[in-house]
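Letter by letter, the chains look like this.
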Amino acid sequence: MTKNKPKVSVLVPIYNVEKYLRQCLESITEQTLQDIEIICINDGSTDGSLDIIKDFAKNDNRIVIIDKPNSGYGDSMNQGLEKATGEYIGIVESDDWIELDAFERLYALAKNHNAEIVRANYYFNKANKDTKNHYIDPTEVGVVKNPTQHNWIFMQAPAIWSAIYKRDFLNKNHIRFLPTPGASYQDTGFNFKALACARRALFTTDAFLHYRTDNEASSVNSTGKAMNVCYEYAEIEKFLTEHNLIQDLYSVMLVAKLGAYIWNMERLTKNLLQDFIKNIQDDLKRFPDLHTVIDSFSLDDKQRQTMHYIVDHNPAAVARYIGRNKLQKKLRSSLKRAWTATHPAYKKQLQLSELIADLHGEIDSLEIKLKELEAKHHE
């Protein structure tokens, strides 16, 4: 690593992940972009995670270890951000892993476009099988965007580890994590605040990170964690008000909040669901124009219907409605799998759509490489 600040500081929050940690750290230490620092934040692990970190650090002086008592994901990430010295910030969760050329390509995109944020697609990984998540619109790639002028950007899953962020930009706007209990939803506030302040965001359909979903279902099923999403949106509202952004992003915040609440409800156990619904309904009463805001957004009919239903009905009725929705989703998913298996033409159509999306990403990458070659030719 050079004496100058590294190009990317990679934050790795770690808590009891010895099963996956070696794969994660190998994918970072073997990056084709060598000029990085790797900040491992051990959040009071009680398994062999710290020994694994130290083992890697013996052979790689780019690794910085923060070893602290358990204080939660948000506090861990904030300590990592304070320690970082890189031009850009990357994040890799310790049970995930990343493609070896990820930071080289993301950094090249950021520099060539002077971007504050570069976001990519990613892979869902379950039972060691990858499925690419095509959440980036192929028509939106390769051109710098102001997120506040594109509502769709705020409606995606936070996925903060599928992006890199200019560190000076984060510091200038005081963008940090909310240190709430556990490790649920702290990415929500960080993501929204970053997008709200950014004026130069870039998107690519390429995918780099492998997001392990095997243990995700149990991550919010405790009383403390269930409410974290509410704390995150309270923090978002406070941040937008303090930064004079609330007027421009009021409607976006409300619809994104409702979407996050619905996603949370579909994950909660029955014994937590009704209390959660009551709490969010008490919060939503503060917004008398909520129905008008919902109708003003480009939502599909089912999303719009669900949002109106949550606002208008008592917690018991909403809980039953959410239960029916979950059952219908499972049924549709099962039918889709069966249909795909028995109808080769439909399966080919899905594969073709994915290939077209990937092609947009490849074109984007080739354009970057061509610009780099042209720049070298004129040197």
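See above for the structure.
Residues numbered from 1 in each chain as written. Predicted model: local features only at pLDDT ≥ 70, side-chain atom pairs only at ≥ 80, totals over all residues. Heavy atoms only, no water.

S.K.: Explain the pattern of salt bridges here, please?
M.R.: Opposite charge on two side chains lets them pair, provided their charged atoms get close. Summed over all chains, the structure comprises 15 salt bridges. As a salt-bridge pair, Arg-105 and Asp-101 come within 3.2 Å of each other at their nearest N and O atoms. Between Asp-282 and Lys-278 there is a salt bridge, with the nearest N and O atoms lying 3.3 Å from each other. Separated by four residues within a single helix, Asp-282 and Lys-278 lie in helix α10 (residues 270–284), roughly one turn from each other. Overall, Asp-282 belongs to the partly exposed group, its relative accessible area being 38%. In this structure Lys-278 comes out as partly exposed when scored by relative accessible area, which is 47%. Counted as one network, the salt bridges with shared partners bring together Glu-237, Lys-257, Asp-283 and Arg-286. (Salt bridge = Lys/Arg side-chain N within 4 Å of Asp/Glu carboxyl O. Helix = DSSP H or I, 4+ residues; strand = E, 2+ residues; numbered from the N terminus. Buried < 20%, exposed > 50% of the residue type's maximum accessible area, 1.4 Å probe, protein only.)

S.K.: Any chance you could explain helix α8 (residues 228–242) here in plain terms?
M.R.: The α-helix winds at 3.6 residues per turn, so residues separated by three or four positions along the chain end up facing the same way. For α8, which comprises 15 residues, the first-to-last C-alpha distance of 21 Å matches the rise-based estimate of 21 Å (1.5 Å per residue) to within 8%. Of the positions making up α8, those classed as buried are Asn-228, Val-229, Cys-230, Glu-232, Tyr-233, Ile-236, Glu-237, Phe-239 and Leu-240. Asn-244 sits one or two positions beyond α8 and adopts a positive phi of about 55°. (Expected span 1.5 Å × (residues − 1).)

S.K.: Any chance you could explain the packing of helix α6 (residues 186–197) against α8 here in plain terms?
M.R.: Axes are the key here: two packed helices are described by the angle between their axes and the distance separating the axes. Two elements in contact, α6 and α8, have axes separated by 8 Å at closest approach and are oriented at 20°. The angle between α6 and α8 falls in the class roughly parallel. For α6 against α8, the interelement crossing comes out right-handed. On the side of α6, the interface is formed by Gln-186, Thr-188, Gly-189, Phe-190, Phe-192, Lys-193, Ala-196 and Cys-197, while α8 contributes Asn-228, Glu-232, Tyr-233, Glu-235, Ile-236, Phe-239 and Leu-240. Its residues assigned to classes, the contact of α6 with α8 shows eight nonpolar, four polar and three charged. (Axes fitted to C-alpha atoms, helices over the stretch in contact; angles between N-to-C directions. Parallel < 35°, antiparallel > 145°, perpendicular 65-115°, else oblique. Left-handed = near helix turned anticlockwise from the far one by under 90°. Contact = heavy atoms within 4.5 Å. Nonpolar A, V, L, I, M, F, W, Y, C, P; charged D, E, K, R; others polar.)

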